[in-house]
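Single-letter residue listing:
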Amino acid sequence: MEAGKRARPAPTAPGPGARRRESQAILAAWACFAAGLAFGLVALAGGPRPIAGDLGEPTVTVPAAGIAALIAATAFVLSTLLHRRHETAPMPPWQRAVSHVSTVALTLAFAAVTAMAVLTGGEILALGLQGLQAPAVGGALLTAIASSAGGWLAFQAGIQLRTRDLANLLFAFLTIGTVFAMITAADPRWWELHFSRLGAGEGAWAFNGTVIVAGLLVATIGSYIGRDLHRWLGDERLRGIGAVVILFALTGLALAGVGLFPLSDGPGDGPLSAGRLPHDIAAFGTLGLFAVTAVTVTLVMPGPPRAMLLTTVGAGAAMIANLLLWRPGEVYGSAGLEAIAVGIIFVWMTTLVRTLSACAPDASRPSARPTLLPRAKADA
């Protein structure tokens, strides 16, 4: 019986390149730990201080968040230069410029994500350890741990950043930032109105900053989706790919506008007030632009794939049902509408990036077009 069994191939061991990259990531984590510990000892020198507290009060988390954010951003830049420095060399100037702009945006995003994660973790830790006063060494160790975790994740992203990783980063950041805004909200009954209420009053910077950085991430994800579509479809579909990238950028800009034009915290903040109008335009504009973007990217894909088509149609139907349950159904309020809408978007975007991951090659694809101008004009 044993002889009749089909021989199974032996498992393939990771290559030396993978082992070397993992070793570099571990060394980077320890280096980030050491840097976080050194900077933490300097920033937190003095007497004991609470882990978290009111804005302006000496705490551990505020300097720790700044230090960890700086270290994570540095780790991402160094990893990018170490592993993907030559990736853009054969690209034409316009494609190289898009890649560099995306790298800068991601550096800022990793810094913001790390800072918000440390602030949120500090608030949760302070709730569980009420009254704790951390000495300088203890605060520095917490800073080092946060710096090591953020630096390791950022360094790994610099080695090979996939579009699906960016999508996960976006929704993780939205979740972390929103939780922090809820914990520190001036109005504990904000949920009776809408999420934008978190962006009004004391502590509004947490929610508004989260939405602004999320808009930056949406635009950057659009750039990476364009990269994947180009690897899959080539220069022949550059016009459609460009439309997808522009639509994602406009959607990200509209989302950032929700934070850039926050609701006021006074009696003049009615539905038709001048202060609320830009905010509402940005909020509803985000939903409208996202709907157009979803249809456009689905049509640009060849086929399009059945799973992507069904998900897009299903997401559109779910969004319409969501709106009807809100008004005129009044099953839930604006906060419920917004939460469900984000969930629908997450499902659709997850399907999109997984489809692209399955269809697009991993290798970089430099464009043969020296310019984005139409060929007739370029030749002239």
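Note: the structure precedes this text.
Residues numbered from 1 in each chain as written. Predicted model: local features only at pLDDT ≥ 70, side-chain atom pairs only at ≥ 80, totals over all residues. Heavy atoms only, no water.

## Observations regarding the pattern of salt bridges
Evaluation of the coordinates by the stated rule reveals five salt bridges. Across the pair glutamate 87 and arginine 84 runs a salt bridge whose closest N-O atoms are separated by 3.9 Å. Judged by relative accessible area, which is 14%, arginine 84 ranks as buried. With a shortest N-O distance of 3.2 Å, aspartate 280 and arginine 276 are connected by a salt bridge. Both residues of the pair, aspartate 280 and arginine 276, belong to the buried class. (Salt bridge = Lys/Arg side-chain N within 4 Å of Asp/Glu carboxyl O. Buried < 20%, exposed > 50% of the residue type's maximum accessible area, 1.4 Å probe, protein only.)

## Quick word on the packing of aromatic side chains
For any pair of aromatic rings, geometry is given as the distance between the ring centres together with the angle between the planes. Taken as a whole and assessed by the stated rule, the structure comprises six aromatic pairs. Between tryptophan 190 and phenylalanine 195 the ring centres are 5.1 Å apart and the planes differ by 50°, which places this aromatic pair in the tilted class. Residue classification places tryptophan 190 among the buried positions, given a relative accessible area of 8%. For the pair phenylalanine 290 and tryptophan 348, a centre-to-centre distance of 5.2 Å together with 85° between the ring planes defines the contact as edge-to-face. Placement of phenylalanine 290 in helix α8 (residues 277-300) and of tryptophan 348 in helix α10 (residues 334-359) is noted, with a sequence separation of 58 residues between them. Residue phenylalanine 290 shares its accessibility class with tryptophan 348, and that shared class is buried. (Phe/Tyr/Trp six-rings, centres within 6.5 Å; stacked < 30°, edge-to-face > 60°. Helix = DSSP H or I, 4+ residues; strand = E, 2+ residues; numbered from the N terminus.)

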